[in-house]
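# Working through the structure, step by step
Here is what each chain is made of, one letter per residue.
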Amino acid sequence: MTTAFSFALNATDGSARTGVIRTPRGEIRTPAFMPVGTAATVKAMMPESVAATGADILLGNTYHLMLRPGAERIDRLGGLHRFMNWDKPILTDSGGFQVMSLADLRKLTEDGVTFRSHVDGSKHFLSPETSMEIQRLLGSDIVMCFDECPALPADEARVAESMRLSMRWAARSREAFGDRPGHALFGIQQGGVTEALRGESAEALKAIGFDGYAIGGLAVGEGQEAMFGVLDYAPAMLPEDKPRYLMGVGKPDDIVGAVKRGVDMMDCVLPSRSGRTGQAWTRRGQVNLKNARHADDPRPLDEDCTCPTCRNYSRAYLHHVFRAGEMISGMLLTWHNLYYFQEIMQGMREAIAAGRFDTWEAGFHATRAEGDIPLL
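Below or above, wherever it landed, is the structure these notes cover. Not measured: the values here are computed from a predicted model.

### A short note on the environment of A157
Structurally, A157 can be placed in helix α7 (residues 156–177). Residue classification places A157 among the exposed residues on the basis of a relative accessible area of 58%.

### Some words on the nonpolar core
Residues L91, I142, M144, L231, Y245 and M348 are the most contacted members of the largest nonpolar core, which totals 95 residues. The contact partners of Y245, leaving out residues within four places of it in the chain, are M34, L59, L91, M144, F186, Y213, A214, I215, M265, M266 and D267. Within the second largest apolar cluster, eleven residues are counted, among which are A280, C310, L318 and L332.

### Re the sheet that holds strand β3 (residues 26–30)
In space, the three strands of this open sheet follow the order β1-β2-β3, with antiparallel pairing throughout. Where the open sheet ends on each side, the last strands, each with one partner, are β1 (6–13) and β3. With strand direction ignored, the average angle separating the axes of adjacent strands in the sheet is 15°. Relative to strand β2 (residues 16–23), β1 is paired through seven bridges, and the arrangement is antiparallel. Across the sheet, the residue bridging to S6 is R22, located in β2.

### Comments concerning the pairing of strand β4 (residues 32–35)
Of the two faces of β4, the one carrying A32 and M34 and the one carrying F33 and P35 are both buried. Bridge analysis of β4 against strand β14 (residues 265–268) gives four bridges, and the strand direction is parallel. Looking at the pairing, A32 lines up with M265 of β14.

### Thoughts on α7
If you check α7, its first and last C-alpha atoms are 31 Å apart, about what 22 residues at 1.5 Å a residue would give, namely 32 Å. Those residues of α7 not exposed but buried are V159, A160, S162, M163, L165, S166, M167, W169, A170, S173 and F177. N-cap assignment for α7: the residue whose side-chain oxygen lies 3.1 Å from the backbone N of A157 is D155. Of the residues flanking the end of α7, it is G178, one or two places downstream, whose phi is positive at about 70°.

### Considering the side chain of D302
With respect to the secondary-structure elements, D302 resides in the loop between β16 (285–288) and α12 (308–312). Within polar-contact distance, the side chain of D302 engages the side chain of R283 at 2.7 Å. Among the polar contacts listed, one links the side chain of D302 to the backbone nitrogen of D304, at a separation of 2.9 Å. Look past the residues within four positions of D302 in its chain and what remains in contact with it is T282, R283, C310 and H336.

### Some remarks on the environment of D93
Inspection of the secondary structure puts D93 in strand β6 (residues 90–93). As for D93 and D211, which are separated by 118 residues in sequence, their C-alpha atoms are 15 Å apart. Non-local contacts of D93, meaning those with residues more than four positions away in its chain, are made with L59, G60, N61, T62, Q98, Q135 and M144. In terms of polar contacts, D93 uses its side chain to reach the side chain of N61, at 2.8 Å.

### Points about the pattern of salt bridges
Counting across every chain of the model gives 18 salt bridges. For E110, the salt bridge identified is with R168, shortest N-O distance 2.7 Å. Of this pair, E110 sits in the loop between β7 (104–108) and β8 (113–116) while R168 is found in helix α7, placing the two residues 58 residues apart along the sequence. The exposure class assigned to E110 is partly exposed, which follows from its relative accessible area of 39%. Two residues, R284 and E370, come together in a salt bridge whose shortest N-O distance is 3.3 Å. Of this pair, R284 sits in the loop between β15 (279–282) and β16 while E370 sits in the segment after α15 (357–369); the two residues are 86 residues apart in sequence, bridging distant segments of the chain. A residue is classified by how much of its surface remains accessible, and R284, at 30% relative accessible area, is partly exposed. Of the residues examined, E370 reaches a relative accessible area of 51% and is grouped as exposed. Look at the salt bridges and you will find they share partners, linking R283, D302 and E343 into a network.

Parameters and conventions
- Residues numbered from 1 in each chain as written.
- Predicted model: local features only at pLDDT ≥ 70, side-chain atom pairs only at ≥ 80, totals over all residues.
- Heavy atoms only, no water.
- Helix = DSSP H or I, 4+ residues; strand = E, 2+ residues; numbered from the N terminus.
- Buried < 20%, exposed > 50% of the residue type's maximum accessible area, 1.4 Å probe, protein only.
- Core = buried A, V, L, I, M, F, W, Y, C linked by side-chain atoms within 4.5 Å.
- Contact = heavy atoms within 4.5 Å.
- Pairing = 2+ DSSP bridges.
- Axes fitted to C-alpha atoms, helices over the stretch in contact; angles between N-to-C directions.
- Expected span 1.5 Å × (residues − 1).
- Polar contact = N/O pair within 3.5 Å; in protein donor to acceptor, adjacent residues only side chain to side chain.
- Salt bridge = Lys/Arg side-chain N within 4 Å of Asp/Glu carboxyl O.

Interpretation note: all reported values are geometric properties and have no functional meaning in isolation.
Right under this line is the structure:
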């Protein structure tokens, strides 16, 4: 295996980009969507099924894994890849966002964050140094630096204070990460929806130097219009020759809009979470399998989809197993949703390479605007 981590940009179309990230565990085609395996599993899916949808990389979560089953235990058992039976690349987030959003009784200082676990109330401390060590024990291929992410809306002074703390933590993360051939460390741009703060953050990160750069602090309540407003300038602030990762996004139209603006990677729990609640994402938009209109419908979710769910099961069956509370409901809908999200990524990669992204995007929106297929 090669020990190098690299990124090659193969084609651009406007601001949209396609390329490949090379890691010792395999290539990641960009733009890439990363299914979320928070606790070492993509819920309702076997790892080989996730791979069959077209996913090149998964996301794991430092906060959840450090609490249960523990990073040291995962390390003793051969690392996260072996533990969860996934031999492709894994990105782990730093845990900072979950500490801020899930943990109880948290106390933030310059050193890091002290918090109580949402699982059992036990006390923990997370800092740039401990986050880097936990992610080293997990053995992830792409490591995220430790940052703080305030929920929006927030006043500009609070956002600026948080961003500057995150930049100091980024420098500490870089130092603690050290030299790990074959593993990459990504910095995280912060600054809310303020262009000047985003610029300041980008300059600080570039001065430190990272293998890739994330756009953080979005998809936290600001709305799509504000998010796209930031993405109109934020990606271009980051190095052109490094991957750009938009964290926690999102819905299909969010993903397409982000790629249009120069984003290479993204992740979201939406495909799997929606699948477990009876929601499917299709070319024609969202379909709610809970609705009685599907009870007698022998047609697939999407006649143009080649996923196992659409090839083998009717809307009537999917409606039935959801209403009956059967586990197969979440399995089948999650499989379809992940497959559809990967199909979007493949369509964009091909369109960018062919110089026809605008045409592809227009078709994507036009089909969604038609709405779901009519009743029989």
